[in-house]
Amino acid sequence: MVRVGLRFIIIIPSTCGKFLVFTIRLPDLKLRFKIEIQSINFMSLFQQALQVRECAHAPYSKFKVGAAIRSTSGKFFLGCNVENVAYPEGTCAEAGAIAAMVAGGETCIEEICIVADSPVPVSPCGGCRQKIAEFSQPDTPVLLSGLNGEIIRKTIGELLPDSFSKSHLPKE
């Protein structure tokens, strides 16, 4: 616990590479609580994806995947795969990270890293390639890695050439 003026900050490590930060302020002798969950910004994109991968819910395939996005504003957003007994109802790590980014008010991916337990780095599925393309530019880096840290660098344009985009939709 750290005292800063009339506020106390309590930082508690939690799972999935995040801290619970409790800020207790004492203005006008009233007690107010502000609870934030902050990403560990000093970690590399790979380290964040590797760490969030451990939070994956993969009881059926046992294939855990983690994804970390750095947005153009410099913020980090994490996602992990979440399986469901009704297989098509699961969520990919990349989709989870993108949903967290959008929920955080961001819409532009600067780079994304995907980590899976595989002898060779795993590329996103077709649906996730399209989702990444929706929020990035063709030259946006996509870092692919296994647990050993060997990273293959691609761009979303390489992974999804000739992608479907809003330019294909009728003009209003």
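Predicted, not measured: the structure shown is a model, and the values here were computed from it.

### Quick word on the overall build of the protein
In step 1: For the protein, the helix and strand inventory stands at four helices and nine strands.
In step 2: Traced from its N-terminal end to its C-terminal end, the protein shows the element sequence β-β-β-β-α-β-β-α-β-α-β-β-α.
In step 3: Evaluated residue by residue, the protein yields a buried proportion of 35% over its 172 residues.
In step 4: Contacts in the protein between residues at least 24 apart in sequence constitute 48% of all its contacts with a sequence separation of at least 6.
In step 5: Taken as a whole, the protein presents about 10,300 Å² of accessible surface, with 58% of it coming from carbon and sulfur.

### Considerations on helix α1 (residues 45-53)
In step 1: Of the residues making up α1, those classed as buried are Leu45, Phe46, Gln48, Ala49, Val52 and Arg53. Angularly, the buried residues of α1 cover 165° about the axis, an arc narrow enough to put them on a single face.

### Topic: the side chain of Glu106
In step 1: Here Glu106 shows up in the loop between α2 (93-103) and β7 (109-116).
In step 2: The class of Glu106 is buried, set by a relative accessible area of 12%.
In step 3: Side chain to side chain, Glu106 and Ser71 meet in a polar contact 3.3 Å long.
In step 4: A distance of 2.8 Å separates a polar atom in the side chain of Glu106 from a polar atom in the side chain of Ser73.

### Considerations on the pattern of salt bridges
In step 1: Tallying each qualifying case throughout the model produces four salt bridges.
In step 2: Between Glu54 and Arg53 there is a salt bridge, and its shortest N-O distance comes to 2.7 Å.
In step 3: Exposure remark for Arg53: the relative accessible area of 5% places this residue in the buried category.
In step 4: Among the ionic pairs, Asp117 bridges to Arg53, the shortest N-O distance being 4.0 Å.

### Examining the sheet that holds strand β9 (residues 151-155)
In step 1: Spatially, five strands are ordered β6-β5-β7-β8-β9 in an open sheet, and the strand pairing comes out mixed. The open sheet has two edge strands with one neighbour each: β6 (76-80) and β9. Averaged over all neighbouring strand pairs, the angle between strand axes comes to 20°, with direction disregarded.
In step 2: As defined by bridge partners, strand β5 (residues 65-71) adjoins β7 across seven bridges and the pair is classed as antiparallel. Each bridged residue has a counterpart across the sheet, and for Ala68 the counterpart in β7 is Cys113.
In step 3: Across the sheet, α1 lies against β5, β6, β7, β8 (141-145) and β9, angled at about 140° from β5, the strand it touches most.
In step 4: Along the sheet, α2 contacts β5, β6 and β7; its crossing angle with β6, the most-contacted strand, is approximately 145°.

### Observations regarding α2
Think of an α-helix as 3.6 residues a turn; residues three or four steps apart then line up on the same face.
In step 1: Along α2, the residues that are buried comprise Ala93, Glu94, Ala95, Ala97, Ile98 and Met101.
In step 2: Residues of α2 that are buried sit in contact with β5, β6, β7 and α3 (126-134).
In step 3: Two residues or fewer past α2, Gly105 is found with a positive phi of approximately 85°.

### Examining a nonpolar patch on the surface
In step 1: Taken together, Tyr60, Val85 and Tyr87 make up a surface patch of nonpolar side chains, about 360 Å² in accessible area.
In step 2: With respect to the secondary-structure elements, Val85 resides in the loop between β6 and α2.

### Some thoughts on the packing of α2 against α3
In step 1: For the pair α2 and α3, the least separation of the axes is 9 Å and the interaxial angle reads 25°. Taken together, the axis directions place α2 and α3 in an arrangement best described as roughly parallel. You can see that α2 and α3 cross each other, and the crossing is left-handed. For the pair α2 and α3, the contacting residues are Glu94, Ala95 and Ile98 in the first and Cys128, Lys131 and Ile132 in the second.
In step 2: Among the residues making up the contact of α2 with α3, the classes are represented as four nonpolar, no polar and two charged.

Criteria and cut-off values
- Residues numbered from 1 in each chain as written.
- Predicted model: local features only at pLDDT ≥ 70, side-chain atom pairs only at ≥ 80, totals over all residues.
- Heavy atoms only, no water.
- Helix = DSSP H or I, 4+ residues; strand = E, 2+ residues; numbered from the N terminus.
- Buried < 20%, exposed > 50% of the residue type's maximum accessible area, 1.4 Å probe, protein only.
- Contact = heavy atoms within 4.5 Å.
- Areas by Shrake-Rupley, 256 points an atom, 1.4 Å probe, with all protein chains shown as cover.
- Arc of directions from axis to C-beta.
- Polar contact = N/O pair within 3.5 Å; in protein donor to acceptor, adjacent residues only side chain to side chain.
- Salt bridge = Lys/Arg side-chain N within 4 Å of Asp/Glu carboxyl O.
- Pairing = 2+ DSSP bridges.
- Axes fitted to C-alpha atoms, helices over the stretch in contact; angles between N-to-C directions.
- Patch = residues over 30% accessible without salt bridge, like charges linked within 9 Å, V, L, I, M, F, W, Y side chains within 5 Å.
- Parallel < 35°, antiparallel > 145°, perpendicular 65-115°, else oblique.
- Left-handed = near helix turned anticlockwise from the far one by under 90°.
- Nonpolar A, V, L, I, M, F, W, Y, C, P; charged D, E, K, R; others polar.

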